[in-house]
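# Summary of the model geometry
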Amino acid sequence: AQTVTQSQPEMSVQEAETVTLSCTYDTSESDYYLFWYKQPPSRQMILVIRQEAYKQQNATENRFSVNFQKAAKSFSLKISDSQLGDAAMYFCAKLEGTDKLIFGTGTRLQVFP
Amino acid sequence: NAGVTQTPKFQVLKTGQSMTLQCAQDMNHEYMSWYRQDPGMGLRLIHYSVGAGITDQGEVPNGYNVSRSTTEDFPLRLLSAAPSQTSVYFCASSPVGPSYEQYFGPGTRLTVT
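Now for a quick tour of the structure. (Residues numbered from 1 in each chain as written. Chains lettered and ligands numbered in written order. Predicted model: local features only at pLDDT ≥ 70, side-chain atom pairs only at ≥ 80, totals over all residues. Heavy atoms only, no water.)

### A few points about the state of the cysteines
Residues and elements named next belong to chain B. A complete count under the given rule lists two disulfides over all chains for this structure. Sulfur-sulfur distance for the disulfide between Cys23 and Cys91 comes to 1.8 Å. Here the S-S torsion is close to -70°, and the disulfide linking Cys23 with Cys91 is therefore left-handed. With Cys23 in strand S3 (residues 19–25) and Cys91 in strand S9 (residues 87–94), the pair connects residues that are 68 residues apart, well separated along the chain. Across the pair, Cys91 and Cys23 agree in class, each one buried. (Disulfide = S-S within 2.5 Å. Helix = DSSP H or I, 4+ residues; strand = E, 2+ residues; numbered from the N terminus. Buried < 20%, exposed > 50% of the residue type's maximum accessible area, 1.4 Å probe, protein only.)

What follows is the structure, given as structure tokens:
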């Protein structure tokens, strides 16, 4: 079975600073999708950013960007200019085929003023 | 659009009771899925459906049944609740392409005593 690993259970960052959350995965597929989801205390799952494996360019959404290393099977999330509202659980996920998401165990991000 | 809706938001059951968690989406998505979220384990796939009349098992299907009679609805049935089914349950839907992004409902917190 494919796996997604998030090795940092908790991270913290000072407001306005930059933080990077790590994610590695296992797959035998050549083309696939990767996602980062944010889960604030409201528990709603919110899509932060997506990456398609065949695209060389790293995805960027405003203050959020990824460092996608296909050969290393690594997909880290960088949050720039961190804000208090970024505090949440962050889940890395890989789409298996076209219909099944495999999630990592999550990283809890704390943001300090 | 209401997106993905789930009812109820909270539920307490006694061991052995049965109940159905409701999920509906108004985005005409073909794919729908049920996940459970437990502390330290991320989200795990219970059952999924790639269209009306088609369902399949995910990673943790035991103790749960699903059916998909319409595109909009995908109920999850607990036949005989057990304390191990205490969890937060999420329903999600996704379109067929381009990135198969999954849209999540607000979740149901279920406690089995």
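### Observations regarding the nonpolar core
Membership of the largest hydrophobic core comes to 25 residues, with the highest contact counts inside it found for Trp36(A), Phe75(A), Leu77(A) and Tyr90(A). If you list the elements that add at least two residues to this core, you get strand S3 (19–21), strand S5 (33–39), strand S6 (46–52), strand S8 (64–69), strand S9 (74–79), strand S10 (88–96) and strand S12 (107–112) of chain A. Ala93(A), Phe103(A), Tyr31(B) and Phe104(B) belong to the second-largest nonpolar core, a separate cluster that totals 20 residues. (Core = buried A, V, L, I, M, F, W, Y, C linked by side-chain atoms within 4.5 Å.)

### Quick word on the packing of aromatic side chains
Two numbers describe a pair of aromatic rings. These are the distance of the centres and the angle of the planes. One pass over the structure, following the stated rule, counts 15 aromatic pairs over all chains. Seen in terms of ring centroids, Phe103(A) and Tyr35(B) are 5.6 Å apart; in terms of plane orientation they differ by 90°. Their pairing is edge-to-face. Here the residue Phe103(A) occupies a position in strand S11 (residues 100–103), and Tyr35(B) occupies one in strand S4 (residues 31–37), the pair thus bridging two chains. With respect to class, Phe103(A) is no different from Tyr35(B); both count as buried. Every member of this aromatic cluster is reached through a ring pair, and the members are Tyr33(A), Phe35(A), Tyr37(A), Phe91(A), Phe103(A), Tyr31(B), Tyr35(B), Phe90(B), Tyr100(B) and Phe104(B). In this arrangement the basic side chain of Arg43(A) is found over the ring face of Phe10(B), its NZ or CZ atom lying 5.3 Å from the centre. (Phe/Tyr/Trp six-rings, centres within 6.5 Å; stacked < 30°, edge-to-face > 60°. Lys NZ or Arg CZ within 6 Å of the ring centre and 35° of its normal.)

### Things to note about the environment of Gln102(B)
In this fold, Gln102(B) is placed in the loop between S9 and strand S10 (103–104). Residue Gln102(B) is classed as buried on the basis of its relative accessible area, which comes to 3%. Considered as a pair, Gln102(B) and Arg36(B) are 66 residues apart in the sequence and their alpha carbons are 15 Å apart. Leaving out residues up to four positions away in the same chain, Gln102(B) has contacts with Tyr37(A), Leu95(A), Asp99(A), Leu101(A), Ser33(B), Tyr35(B), Ala92(B), Ser93(B) and Ser94(B). Within the structure, the side chain of Gln102(B) is placed 2.9 Å from the side chain of Tyr35(B), a separation counted as a polar contact. (Contact = heavy atoms within 4.5 Å. Polar contact = N/O pair within 3.5 Å; in protein donor to acceptor, adjacent residues only side chain to side chain.)

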